[in-house]
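# Structural overview for review
Each chain, letter by letter, is given below.
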2 protein chains.
Amino acid sequence: MGKVRLIEIKQQILADNQKTADRLRSRLSASETYMVNLMSSPGSGKTSLLLRTIEALADRCRLAVVEADLDSTVDADKIAAAGVPAVQLRTGGFCHVEAAMVEQALAHLEPAALDLIVIENVGNLVCPAQSDTGAHANVVVLSVPEGDDKPLKYPVIFAGCDLVVVNKIDYLSVESFDCAAFKSRVARLNPTAPVCELSCRTGEGLACWFEWLEDRLGSA
Amino acid sequence: MGKVRLIEIKQQILADNQKTADRLRSRLSASETYMVNLMSSPGSGKTSLLLRTIEALADRCRLAVVEADLDSTVDADKIAAAGVPAVQLRTGGFCHVEAAMVEQALAHLEPAALDLIVIENVGNLVCPAQSDTGAHANVVVLSVPEGDDKPLKYPVIFAGCDLVVVNKIDYLSVESFDCAAFKSRVARLNPTAPVCELSCRTGEGLACWFEWLEDRLGSA
């Protein structure tokens, strides 16, 4: 009984969130500011991917980062140290980022003067899949040590994304990760999402991610 | 405004869940059946730890497993193949296991005839921390590739657990994971929880986990 009531309220909140997300996306599109929502398990390498992206694009692209964590400013500190504006959202018990939180974060940046905003969502393969952040694209990062079966276990997030990044491919020699099986599991859920295989540690494969991102800049 | 209403309902559900969890725990204690709730990020090695546990304890301990995933029966299939009764909970969009779900799962087992039940929670470091499953103990598994900063970012789950398992220590040679820093971050949140460092792949360090578990059997 309690659960039914929760779902009703949740639908109300989801509807409110959708409106906020759509408004936010239109506002960013008006200034040709592209926003990407980065999602993954804890420790898959979202921050490492961001640091590589800053390294590669910061001189020809005005970018900023919205970090989200239950607690701490660990990630925002790393981004700020790399010379890019970063806002940390402390979500407390909240397991994902909603559009209203992003709107609050953007009040501390100058979105209209930016080309790219990246949201680093809470490390979680479940909840972030259910909430529109207002981003133009959703990217799922999965790291090789997590295993190739994750699309079977967390289908919603893979079904709803625009790009899948497989990070830590330098582990392929020690992990029994079947890339072909992983890709076919993704394709079954999401036939159009490309898969970029890369290693933020060694730099291998990063071009795939940069190309995807640069194709989108200015298309907001 | 929507959010405030959600919290009210959520508290109601949390209160209902607490009652169910307490009732379940008492019922299991009456038959000296010990229940452990295993929590971690996706791919940290909960299932691998379970398979090692079955290998080591199945001949002197009657055990069963409750698996939880958004979708698929991948993990329950592995457990059943190892010769141990397993029930798979498909949580759909739900990001954690609640006591009522465990109660439903136990209807398919014979809890009173068991020494040990292990719940493998949904792979998630956020939501499972907020809901009592009815287990006697909560264990968090973190794997080395996820990084030593996770207690800073997901404090609730580390603060509320009875044991921390660091899995994949065979990665220590390739990952910059600072064990001492990790342990001191855990200790700041949870001064009494022991930390077992092990590798399900190589078997190193597993004795720590087995000893912790055997100490508890019969203490339900």
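These remarks concern the structure in this document. (Residues numbered from 1 in each chain as written. Chains lettered and ligands numbered in written order. Predicted model: local features only at pLDDT ≥ 70, side-chain atom pairs only at ≥ 80, totals over all residues. Heavy atoms only, no water.)

### Some points on the overall build of chain A
- Each helix and strand in chain A was counted, giving eight helices and seven strands.
- Relative to the 2.2 N^0.38 estimate, which gives 17 Å for 220 residues, the radius of gyration of chain A is 17 Å and therefore close to what a compact globule would have.
- Dimensions of chain A, computed from C-alpha atoms along their principal axes, come out at roughly 50 × 45 × 35 Å.
- Looking at the 220 residues of chain A, the share that counts as buried comes to 56%.
- For chain A, long-range pairs separated by at least 24 residues make up 73% of all intrachain contacts whose partners lie at least 6 apart in sequence.
- Charge-centre separation for chain A: the mean point of 21 positive side chains lies 5 Å from the mean point of 29 negative side chains. (Helix = DSSP H or I, 4+ residues; strand = E, 2+ residues; numbered from the N terminus. Rg over C-alpha atoms; globule rule 2.2 N^0.38 Å. Buried < 20%, exposed > 50% of the residue type's maximum accessible area, 1.4 Å probe, protein only. Contact = heavy atoms within 4.5 Å. Lys, Arg positive; Asp, Glu negative; His and termini not counted. Charge placed at Lys NZ, Arg CZ, Asp CG, Glu CD.)

### Examining unusual backbone geometry
Residues and elements named next belong to chain A.
- Located in the positive-phi region is E32, a residue other than glycine, with phi close to 55 degrees.
- Along the polypeptide, E32 turns up in the loop between α1 (2-30) and β1 (34-40).
- By relative accessible area, E32 is classed as partly exposed at 48%.
- One non-glycine residue, S72, lies in the positive phi region at around 75 degrees.
- Secondary-structure assignment places S72 in the loop between β2 (63-69) and α3 (74-81).
- What makes S72 buried here is its relative accessible area of 9%.

### A short note on the sheet that holds β2 of chain A
All names here are of chain A.
- Taken in spatial order, the seven strands line up as β3-β2-β4-β1-β5-β6-β7 in an open sheet, and their pairing is parallel. Only two strands of the sheet have a single neighbouring strand rather than two, namely β3 (86-90) and β7 (195-197). Direction aside, neighbouring strands of the sheet carry axes that sit 20 degrees apart on average.
- Bridge count between β1 and strand β5 (residues 137-143): five bridges; the pairing is parallel. Residue pairing for β5: N37 is matched across the bridge by N138.
- Across the sheet, helix α4 (residues 99-106) lies against β1, β2, β3 and β4 (116-120), angled at about 140 degrees from β3, the strand it touches most. (Pairing = 2+ DSSP bridges. Axes fitted to C-alpha atoms, helices over the stretch in contact; angles between N-to-C directions.)

### Observations concerning the packing of aromatic side chains
- Within this structure, the stated rule accounts for seven aromatic pairs over all chains.
- Seen from their ring centres, F177 of chain B and F182 of chain B are 5.5 Å apart, and the 45 degrees between their planes marks the pair as tilted.
- We classify F177 of chain B as buried; its relative accessible area is 9%.
- By the ring-pair criterion, three or more aromatic residues cluster together here, those being F158, F177 and F182 of chain A. (Phe/Tyr/Trp six-rings, centres within 6.5 Å; stacked < 30°, edge-to-face > 60°.)

### Focus: the side chain of T133 of chain A
All names here are of chain A.
- Within the secondary structure, T133 sits in the loop between β4 and β5.
- The class for T133 is buried, based on a relative accessible area of 1%.
- Polar side-chain contacts of T133 include one of 3.2 Å to the backbone nitrogen of A135.
- Look past the residues within four positions of T133 in its chain and what remains in contact with it is A21, L24, M35, N37, V97, A99, V102, I119 and N121. (Polar contact = N/O pair within 3.5 Å; in protein donor to acceptor, adjacent residues only side chain to side chain.)

Keep in mind that these numbers describe shape and distance, not what the molecule does.
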